[in-house]
There are 2 protein chains.
Amino acid sequence: MKVKVISRILEANDRIAEENRKIFKSHGIFVINLMSAPGAGKTSLVERTIEKLDDLRVGVIEGDIAGTDDAERINRLNVPVVQINTGGACHLDANMINEVLKEMPLNDLDILIIENVGNLVCPAEFNVGEDMKVMILSITEGHDKPLKYPLMFRESSALLLNKIDLLPHLDIDLERTKRDALTLNPSLTIFEVSCKTGTGIETWAQWLRGQR
Amino acid sequence: MKVKVISRILEANDRIAEENRKIFKSHGIFVINLMSAPGAGKTSLVERTIEKLDDLRVGVIEGDIAGTDDAERINRLNVPVVQINTGGACHLDANMINEVLKEMPLNDLDILIIENVGNLVCPAEFNVGEDMKVMILSITEGHDKPLKYPLMFRESSALLLNKIDLLPHLDIDLERTKRDALTLNPSLTIFEVSCKTGTGIETWAQWLRGQR
């Protein structure tokens, strides 16, 4: 019974995602759905990316169960930002995005970054109308993540391995992580970055420009 | 509509959780529902805890979307273990636990540790019949987690701040993390541990004995 319910929710979601996609397309906005486990560095990546793309007009939608910390961080960069508080929901869905689009200056944006709720599972199941999904894995989470949370790796176009500055202090087998991720999704582009030190951010930003 | 569906699922779940609770009670088993974000160190904590509680008979139920890595790690310690693969589901529910109880030697257990799917959100919503919920937060995840994921902090009896060996390399404000967690849940007992170095594990294990 539960499976049936979920399938109906997903169908309804896909219809609204398609509406969002048309809206984005008509405004010429490239849309990224950014996903990760809690604390992997999504907001830090958004901050670094905005700094690197200073010739493009970037907007941000922040998704969190509760709180406005992330939106306040982005707001300090003088970038249009809206915070969605999902209440209990552990992911953003297309309808939530549709609801807040009227709060965004769509005519004045080149790129929209949608920062999803911190969760390696459900966000990957819900399209919101994005051009591509991007995921961050903090290397402190260990090398077993691709095989344990395969869907997000399969759905993503890029994987950023963040907190690479901590590598000397960790036991993670980074090659195994990359190999397992690429086995799940051979077209995945992988970046090693540190949002703290700035390592790898330029390479990522250049790639993002190319995708757009 | 979605909210109504979830509420019905939760009611059905609570009925089965109550059944599980009766089964555990009749066998004198103390049950822990262990939750965290992906890669915070749940399985490592289970391993360390089993080592410390070597005079008690411990069993483990492992919950993962996919894979058997965790169950294999526990199996090496010669402890009864069952792996649940949830498929898509991002949490364990009472029915999943009920289904696998017949695989566990209930007459020969003092403690059952149920390791939930790595997710800071949904697992906290689903009782499985446990005596207490315990959560791990890897300090690499940052100090904003209590305010962003309040339910799990509210529902848990104990919070383990893991990977404390990495503290010199991180910017986290640990006092703020603890203060925010205690504001959400004043009865929370907090431990600073490192499953890698063993720091704090003895204190945690002693507390656990006392709870039982």
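Below is a short write-up of the structure. Computed from a prediction, not measured in an experiment: that's the story for all the values here.

**Brief notes about the sheet that holds strand β1 (residues 30-36) of chain B**
Residue and element names in this part refer to chain B.
So, point 1. Across the sheet, which stays open at both edges, the 7 strands sit in the order β3-β2-β4-β1-β5-β6-β7 with parallel pairing between neighbours. With partners counted over all chains shown, the strands left at the sheet margins are β3 (81-85) and β7 (189-192), one partner each. Strand-to-strand twist of the sheet, defined as the mean angle between neighbouring strand axes without regard to direction, takes the value 20°.
So, point 2. Sheet topology note: the strand β2 (residues 58-64)/strand β4 (residues 111-115) ladder contains 5 bridges and is parallel. Counted as the bridge partner of Gly59 is Leu112 from β4.
So, point 3. Along the sheet face, helix α7 (residues 174-184) touches β5 (132-138), β6 (158-162) and β7 and points at about 160° away from the line of β7.

**Notes on the pattern of salt bridges**
So, point 1. Scanning the entire structure with this criterion turns up 38 salt bridges over all chains.
So, point 2. One salt bridge in this structure joins B:Lys148 and A:Asp70, with 2.8 Å as the shortest N-O distance. Of this pair, B:Lys148 sits in helix α5 (residues 145-148) while A:Asp70 sits in helix α3 (residues 69-75), placing the two residues on different chains. A:Asp70 matches B:Lys148 in its accessibility class, with the two residues each being buried.
So, point 3. Across the salt bridge formed by B:Asp55 and B:Arg209, the nearest N and O atoms sit 2.9 Å from each other. In this pair, B:Asp55 is assigned in the loop between α2 (42-52) and β2 and B:Arg209 in helix α8 (residues 201-211), connecting sequence segments 154 residues apart.
So, point 4. Residue classification places B:Asp55 among the exposed positions, given a relative accessible area of 51%.
So, point 5. Since its relative accessible area comes to 29%, B:Arg209 is described here as partly exposed.
So, point 6. Each of A:Asp64, A:Asp70, B:Asp144, B:Lys145 and B:Lys148 takes part in one network of salt bridges that share partners.

**Brief notes about the sheet that holds strand β2 (residues 58-64) of chain A**
All names here are of chain A.
So, point 1. Reading across from one edge, β3-β2-β4-β1-β5-β6-β7 is the order of the 7 strands in this open sheet, with parallel pairing throughout. Either end of the sheet is taken by a strand with one partner, and the two such strands are β3 (81-85) and β7 (189-192). Adjacent strand axes in the sheet meet at a mean angle of 20° when their direction is disregarded.
So, point 2. Against the sheet, helix α7 (residues 174-184) contacts β5 (132-138), β6 (158-162) and β7, and its axis sits at roughly 160° relative to β7.

**Re the interface of chain B and chain A**
So, point 1. Every contact between the two is made by 39 residues of chain B and, on the other side, 39 residues of chain A.
So, point 2. Contact between chain B and chain A buries roughly 3100 Å² in total, counting both sides, with carbon and sulfur atoms accounting for 56%.
So, point 3. Applying the counting criterion to the chain B and chain A interface returns 8 salt bridges.
So, point 4. Taking the shortest distance from any N to any O, the salt bridge between A:Lys148 and B:Asp64 comes out at 3.8 Å.
So, point 5. Where chain B meets chain A, there are 11 residue pairs in polar contact (both at pLDDT 80 or more).
So, point 6. Breaking the side of chain B that touches chain A down by element, the ones donating at least two residues are α1 (2-26), α3 (69-75) and α5 of chain B.
So, point 7. A total of 4 residues in the side of chain B that touches chain A trace back to one element, the largest contributor, which is α1(B).
So, point 8. Of the residues that constitute the side of chain B that touches chain A, the class distribution is 17 nonpolar, 7 polar and 15 charged.

**What to know about the nonpolar core**
So, point 1. A:Ile139, A:Phe153, A:Leu159, B:Ile139, B:Phe153 and B:Leu159 are the most contacted members of the largest nonpolar core, which has 50 residues in total.
So, point 2. Elements that contribute at least two residues to this core include exactly β5, α6 (150-155), β6 and α7 of chain A together with β5, α6 (150-155), β6 and α7 of chain B.
So, point 3. Once residues within four sequence positions are removed from consideration, B:Leu159 is found in contact with B:Met135, B:Leu137, B:Phe153, B:Ala181, B:Leu188, B:Thr189, B:Ile190 and B:Phe191.

**Side note on the pairing of strand β1 (residues 30-36) of chain A**
Residue and element names in this part refer to chain A.
So, point 1. Of all the 7 residues making up β1, 7 are buried; the element is thus mostly covered by neighbouring parts of the structure.
So, point 2. The two faces of β1 match: Phe30, Ile32, Leu34 and Ser36 on one face and Val31, Asn33 and Met35 on the other face are all buried.
So, point 3. In terms of strand pairing, β1 meets strand β4 (residues 111-115) through 5 bridges, oriented parallel. Directly across from Leu34, in β4, lies its bridge partner Glu115.
So, point 4. Where β1 lies against β5, 5 bridges are found, and the strand directions are parallel. The residue bridging Leu34 from the neighbouring strand is Val134, located in β5.

**So, the relation of the copies chain B and chain A**
So, point 1. Mapping chain B onto chain A leaves a residual RMSD of 0.0 Å; the transformation is a rotation of 180° accompanied by 0.0 Å of translation along its axis. Between the two chains, the operation in question is that of a two-fold axis. Of the C-alpha atoms belonging to chain B, the one lying closest to the rotation axis is found on B:Asn119, 3.0 Å away.
So, point 2. Interface overlap between copies: 100% of the residues of chain B at the interface are likewise at the interface in chain A, consistent with a symmetric, same-surface contact.

**Quick notes on the packing of aromatic side chains**
So, point 1. The final tally for this structure, using the stated rule, is 6 aromatic pairs over all chains.
So, point 2. Seen from their ring centres, A:Phe191 and A:Trp204 are 5.8 Å apart, and the 75° between their planes marks the pair as edge-to-face. Of the two residues, A:Phe191 is situated in strand β7 and A:Trp204 in helix α8 (residues 201-211); the sequence distance between them amounts to 13 residues.
So, point 3. Given a relative accessible area of 2%, A:Trp204 falls into the buried group.
So, point 4. Measuring from centroid to centroid gives 5.9 Å for B:Trp204 and B:Trp207, while their planes differ by 25°, and the two rings are stacked.

Criteria and cut-off values
- Residues numbered from 1 in each chain as written.
- Chains lettered and ligands numbered in written order.
- Predicted model: local features only at pLDDT ≥ 70, side-chain atom pairs only at ≥ 80, totals over all residues.
- Heavy atoms only, no water.
- Pairing = 2+ DSSP bridges.
- Helix = DSSP H or I, 4+ residues; strand = E, 2+ residues; numbered from the N terminus.
- Axes fitted to C-alpha atoms, helices over the stretch in contact; angles between N-to-C directions.
- Contact = heavy atoms within 4.5 Å.
- Salt bridge = Lys/Arg side-chain N within 4 Å of Asp/Glu carboxyl O.
- Buried < 20%, exposed > 50% of the residue type's maximum accessible area, 1.4 Å probe, protein only.
- Buried area = accessible area lost by both parts, 1.4 Å probe.
- Polar contact = N/O pair within 3.5 Å; in protein donor to acceptor, adjacent residues only side chain to side chain.
- Nonpolar A, V, L, I, M, F, W, Y, C, P; charged D, E, K, R; others polar.
- Core = buried A, V, L, I, M, F, W, Y, C linked by side-chain atoms within 4.5 Å.
- Least-squares fit on C-alpha atoms with pLDDT ≥ 70 in both.
- Phe/Tyr/Trp six-rings, centres within 6.5 Å; stacked < 30°, edge-to-face > 60°.

In short, shape yes, function no, at least from these values alone.
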